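Given next are the chains, with one letter for each unit.
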Amino acid sequence: MNQSAVTSSETVRGPIVIGRHGRPALDRTKGPRLDWRSYVDWWAAYEVGGLAEGQAAPESLRNAVADAERYLTSSRRRAQETMALAAPGRDAIANPVFDEAPLPPPRFKRAKFLPKTWNVIARVVWLFGHKLDGESVTESRARAKEAAAVLHEASADGKVFLAAHGWFNRMMRKELRKLGWACTYNGGDNYWSWRRFEYRK
């Protein structure tokens, strides 16, 4: 037997491509200014909404994911519509483990802001423990760890493409690094942006 022919027990994984969804139909930059209760309603509508019409996925993203073996999305419509444009005709599995982290506003009595301003305020106070009746930052971090494990497991079948969300994608990056993944392409955090990760262990 040729001793140079060695079969490795190490699984060849990935790569993993993680994309942010396209531009949503509900525009966070538009008015009117909202109080905190109205912003809760705005965020609820945003969460169930889809993409603005007339968009096309960037060619670079379409090319990057055309040969994926596994296609995954969050449970949100905007992520699923992003998948349909980035990887048309592919069967994708939706999983709420990849849903965006919540944005619970503080109960300011008389303040009114545009949704984009509430987004920032809500994210900051959420990071410091405010959650209203939703998922806490600690619970989201635990979910990000679970989500990274789902991606890691899926990568055993080959290349994976996930269409998901800006902030939660950021939370998963830390957990992927812990599992041995390195970012080899960084496309930023705008709508339609994407990153590629390769397994280094």
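Residues numbered from 1 in each chain as written. Predicted model: local features only at pLDDT ≥ 70, side-chain atom pairs only at ≥ 80, totals over all residues. Heavy atoms only, no water.

## What to know about the pairing of strand β1 (residues 16-20)
Along any regular strand, the residues point their side chains to alternate faces of the sheet.
So, step 1. Of all five residues that make up β1, five are buried, and the element is covered over most of its length.
So, step 2. When β1 meets strand β4 (residues 160-164), the two strands line up parallel, connected through five bridges. Its bridge partner lying in β4, R20 is registered against A164.
So, step 3. Two elements, β1 and strand β6 (residues 194-199), share four bridges in a ladder whose sense is antiparallel. (Buried < 20%, exposed > 50% of the residue type's maximum accessible area, 1.4 Å probe, protein only. Helix = DSSP H or I, 4+ residues; strand = E, 2+ residues; numbered from the N terminus. Pairing = 2+ DSSP bridges.)

## Topic: empty space enclosed by the protein
So, step 1. For the structure on display, the rule yields one cavity of 30 Å³ or more.
So, step 2. Taken together, I18, G19, R20, G166, N169, R173, G188, D189, S193, W194, R195 and F197 make up the lining of the largest cavity.
So, step 3. Broken down by secondary-structure element, the contributors of at least two residues to the lining of the largest cavity are β1, α6 (166-178) and β6.
So, step 4. Taken together, the residues of the lining of the largest cavity sort by class into three nonpolar, five polar and four charged. (1 Å grid on protein atoms, 1.4 Å probe; cavity = no way out; pocket = protein on both sides within 12 Å on 5 of 7 lines; lining within 4 Å. Points joined across faces, edges and corners; volume = space filled by probe spheres on them. Nonpolar A, V, L, I, M, F, W, Y, C, P; charged D, E, K, R; others polar.)

## Focus: the packing of helix α5 (residues 137-154) against α6
So, step 1. α6 packs onto α5 with a crossing angle of 65° between their chain directions and a minimal axis gap of 8 Å. For α5 against α6, the interelement crossing comes out right-handed. Two secondary-structure elements touch here, α5 through V137, S140, R141, R143, A144, K145, A147, A148 and L151 and α6 through F168, M171, M172, E175 and L176.
So, step 2. Of the residues assigned to the contact of α5 with α6, the class counts are nine nonpolar, one polar and four charged. (Axes fitted to C-alpha atoms, helices over the stretch in contact; angles between N-to-C directions. Left-handed = near helix turned anticlockwise from the far one by under 90°. Contact = heavy atoms within 4.5 Å.)

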